[in-house]
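Structural features, examined
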Amino acid sequence: MGRYNLSAQRVHQTATRMLETKKLTVPPPWYDVVANLPPSQRLVRPALQGARKQGKKASKLFQPVKIAYEEDNLRADFFGDHPWELARPRQVLEDDGKDYQRYNWSKLEQPGKQIDGESVVQRQRWLMGMIRHDLDFPCSPELRAYLRSEQFQQERALFKQEYNVDLDCAVPSEGLDTSADMTVSVQLTYHPETTHDFNAGKKHMAKLLSDKGVRSNMINRRSFDVAFPATQKLIDSLSATDFSPILKTYQIAVSLGEPLKLTTSSQQGSNDSTEKQLQTLTFSYNRNFTPSLSSAIASIASSLSIPVSTLIHRPLPLPDPDTFNLYSKAHAYDTARKEFYAVRHKQDIQRRVAREEALFVGAEFGPNALEVGMALEDQKFEEWKVWAVKEIAQQKQLSGSAYAGNLAEEEDTSSAPIASSGDVVASLDDAETRAGIDEVADSLPASRKGQEALGGAVVHP
């Protein structure tokens, strides 16, 4: 049969042949089923890929898919900065395998879990998911006094209890307060992974501001002025223009301002001046729709047949959403690791206090990590000193052998081994060498007088 056994695929043909030859009188129970659903003619599953073109690499269809998680990059950053955290013993045993469902990473320390690098990673990921919604509005002195009152503090507790939303308010201190209106910001912060009712809290806050005299169209509103040269005819046509289509299309309200007169000099250094009449348009929009401002300006300029280049306005504002992530990746990392440092510092203090208490009652401990490290450093230092002494001795022997004897003797002894310190001391017994040393003994090179010129006396044999 070769490599493959195909008898199972031919079972229906075999049964048919046996029925025709009367070897089987009654068809088997599976005969009609196999006839309706014959077995597959292919022994392997076909690959779902097109024809391979010449010169191209094979498809990666059968390679395993690379699985990546958001925490992988966070772990690489933390353990790259804190490699010694990998050397700490970790507790990996769980009761039912669902401990992660009972963790609330709104705080770093979790009951029943030791603090480690994974705690910092999960805390950082939780902080990166926090959402903040800003509400800014012009605030009167009476409203600012209410935002500082105890009644508003009770509202903050209500938001946390009923909506699971943190309510914060940036109000200037009373010393910097004035009698005029100033812009005040209120922040609503929540986390999408926790049970919250942000929309209900937002409506509650809008109703609270409405009761204090803050209209809804004053919250998170921005204004932008545009001026352009205009004639009286153009001003009259603008007064009769309906700007409601602009409001529906771009969510931007347009109002006509007062005409202005701009005086410019005709030439530099000349007293002649000309006056130009300018017409202003004020665009009022919500801060979420800032990118559509340029389109609205171009639409109005096109409807009035005014070149966009003639419009006078300050630079267009950048996008300013009112709902955004409270923490960036770097900010969340700094916050989580500082909380981790505080916990580690607290643990170190507890261990040191426990050690001192144990020593007080007579306990004995071996050397701690600092003492072990200092002992290792002292050992290496002593080894270095022995090595340094040997190196200095070898350098002195080499420098001494360079000036000993004549050139012929140096050439003959160049391949000889370096003399030991005992050989050097024995060579000093020569009477002529000792006489030369006594002659230059009183002349020190390091003295103020300096060394005298005494010829070629041999100092080092």
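Residues numbered from 1 in each chain as written. Predicted model: local features only at pLDDT ≥ 70, side-chain atom pairs only at ≥ 80, totals over all residues. Heavy atoms only, no water.

Selection rule: UniProt positions are given in the numbering used here, feature names are shortened, and annotations may be inferred rather than shown by experiment.
An unreviewed UniProt entry lists the protein chain under the name Small ribosomal subunit protein mS23, with Neodothiora populina as the source organism. According to its UniProt record, the protein chain has this under Sequence similarities (unreviewed entry): "Belongs to the mitochondrion-specific ribosomal protein mS23 family." The UniProt entry for the protein chain carries the following text under Subcellular location (unreviewed entry): "Mitochondrion".

Quick look at the sheet that holds strand S2 (residues 166–170)
The condition that has to hold: For two strands to be treated as a pair, DSSP must find at least two bridges joining them. The helix and strand labels rest on DSSP assignments: H or I over at least four residues marks a helix, E over at least two residues marks a strand, and numbering proceeds from the N terminus. Interaxial angle, 0 to 180 degrees, is taken between N-to-C directions of lines fitted to C-alpha atoms, where a helix line uses only the stretch in contact. Throughout, a residue-residue contact means that at least one pair of heavy atoms, one from each residue, lies within 4.5 Å.
Reading across from one edge, S2-S3-S1-S8 is the order of the four strands in this open sheet, with antiparallel pairing throughout. Here the strands that pair on one side only, and so sit at the sheet edges, are S2 and strand S8 (323–325). Ignoring strand direction, the axes of neighbouring strands in this sheet form an average angle of 30 degrees. Pairing of strand S1 (residues 131–139) with S8, which is carried by three bridges, proceeds in the antiparallel orientation. Following the sheet pairing, Ile-131 is matched in S8 by Asn-325. Sitting on the sheet, helix H6 (residues 150–163) is in contact with S2 and strand S3 (182–190), with an inclination near 145 degrees to S2. Sheet strands touched by helix H7 (residues 198–211): S1, S2 and S3. Its angle to S3, the strand with the most contacts, is close to 160 degrees.

Quick look at a nonpolar patch on the surface
In plain terms, the rule: Each patch is built from residues that are more than 30% exposed by relative accessible area and take part in no salt bridge. Like charges join if they lie within 9 Å; nonpolar side chains (Val, Leu, Ile, Met, Phe, Trp, Tyr) join within 5 Å. Accessible areas in this description were obtained via Shrake-Rupley with a 1.4 Å probe; residue shielding takes into account the shown protein chains only. Each salt bridge in this description consists of a side-chain nitrogen of Lys or Arg and a carboxyl oxygen of Asp or Glu lying within 4 Å of one another. Relative accessibility thresholds used throughout: buried, under 20% of the residue-type maximum; exposed, over 50%; partly exposed, between the two (1.4 Å probe, protein chains only).
A grouping of Phe-381, Trp-384 and Trp-387 is seen on the molecular surface, where their side chains present a nonpolar patch of about 380 Å² in accessible area. Within the secondary structure, Trp-384 sits in helix H12 (residues 369–401). Taking relative accessible area as the criterion, Trp-384 reaches 49% and is therefore assigned partly exposed.

Comments concerning the packing of helix H3 (residues 70–81) against helix H4 (residues 117–128)
Here is the rule: Each angle gets one of four labels, with under 35 degrees taken as roughly parallel, over 145 as roughly antiparallel, 65 to 115 as roughly perpendicular, and the rest as oblique. Each crossing is labelled by how the near helix is turned from the far one, with a counterclockwise turn of less than a right angle marking it left-handed and a clockwise turn marking it right-handed. Under the scheme applied, nonpolar residues are Ala, Val, Leu, Ile, Met, Phe, Trp, Tyr, Cys and Pro; charged residues are Asp, Glu, Lys and Arg; polar residues are all the others, including Gly.
Orientation of H3 relative to H4, taken along the N-to-C sense of each, is 125 degrees, at an axis distance of 9 Å. The orientation of H3 relative to H4 falls into the category oblique. Here the hand of the crossing between H3 and H4 comes out right-handed. Taken together, the residues of H4 that come into contact with H3 (itself represented by Glu-70, Glu-71, Leu-74, Arg-75, Phe-78 and Phe-79) are Gly-117, Glu-118, Val-120, Val-121, Gln-122, Gln-124, Arg-125 and Met-128. The residue inventory of the contact of H3 with H4, partitioned by class, reads six nonpolar, three polar and five charged.

Some words on the confidence of the model for the protein chain
What counts is decided by this rule: Confidence scores labelled pLDDT are given residue by residue by the predictor and lie between 0 and 100.
Put simply, the protein chain has an average pLDDT of 81, and 77% of its residues get 70 or more. Note that residues 407–411 has pLDDT below 50 and, in this model, five contacts with residues that lie over four places away or in other chains.

Focus: the pattern of salt bridges
Counted under the stated rule, the structure contains 24 salt bridges. Here Arg-287 makes a salt bridge to Asp-320, at a shortest N to O gap of 3.0 Å. Here Arg-287 is found in the loop between strand S7 (273–286) and helix H10 (293–303), whereas its partner Asp-320 is found in the loop between H10 and S8, with 33 residues between them in sequence. Looking at Arg-287, the relative accessible area reads 5%, which means it is buried. The partly exposed category is assigned to Asp-320, whose relative accessible area is 29%. For Lys-380, the salt bridge identified is with Glu-383, shortest N-O distance 3.7 Å. Of this pair, Lys-380 and Glu-383 both sit in helix H12, three residues apart, roughly one helical turn. For Glu-383, a relative accessible area of 41% gives the class partly exposed. Linked through salt bridges whose partners overlap, the residues forming this network are Asp-136, Arg-222, Arg-287 and Asp-320.

Regarding helix H11 (residues 329–360)
This is how the line gets drawn: Working rule for helices: expected span equals 1.5 Å times residues minus one.
Here H11 contains 32 residues, and its C-alpha end-to-end distance of 47 Å stays within 8% of the 46 Å for a straight helix at 1.5 Å per residue. Taken together, the buried residues of H11 touch H3 and H4. Two residues or fewer past H11, Gly-362 is found with a positive phi of approximately 105 degrees.

Quick look at the pairing of S3
Each regular strand displays side chains that alternate between the two surfaces of the sheet. The element S3 is extensively covered by neighbouring structure, given that seven of its nine residues are classed as buried. Judged from the nine bridges that link them, S1 and S3 form a sheet pairing that is antiparallel. Bridge pairing links Asp-134 to Gln-187 in S3. Relative to S3, S2 runs antiparallel, the two being bridged by five bridges. Across the sheet, residue Ala-170 finds its bridge partner in S3, namely Ser-185.

Considerations on the packing of H6 against H7
Running from N to C, H6 and H7 point in directions that differ by 160 degrees, and their axes come no closer than 10 Å. Judged on the interaxial angle alone, H7 and H6 are roughly antiparallel. Note on packing geometry: the crossing formed by H6 with H7 is right-handed. Side by side, H6 and H7 meet where Phe-152, Glu-155, Leu-158, Phe-159 and Tyr-163 of the first sit next to Ala-200, Gly-201, His-204, Met-205 and Leu-208 of the second.

Digging into H4
Taking 1.5 Å as the rise per residue, H4 with twelve residues should run 16 Å; its terminal C-alpha atoms sit 17 Å apart, in good agreement. For H4, a buried count of twelve out of twelve residues is recorded, marking the element as mostly surrounded by other parts of the structure. Looking at the buried positions of H4, the neighbouring elements they touch are H3, S8 and H11.

Considerations on the side chain of Arg-344
Structurally, the position occupied by Arg-344 is in helix H11. When its relative accessible area of 9% is taken as the criterion, Arg-344 is described as buried. If sequence neighbours within four positions are ignored, Arg-344 has contacts with Glu-85, Arg-88, Ile-115 and Asp-116.

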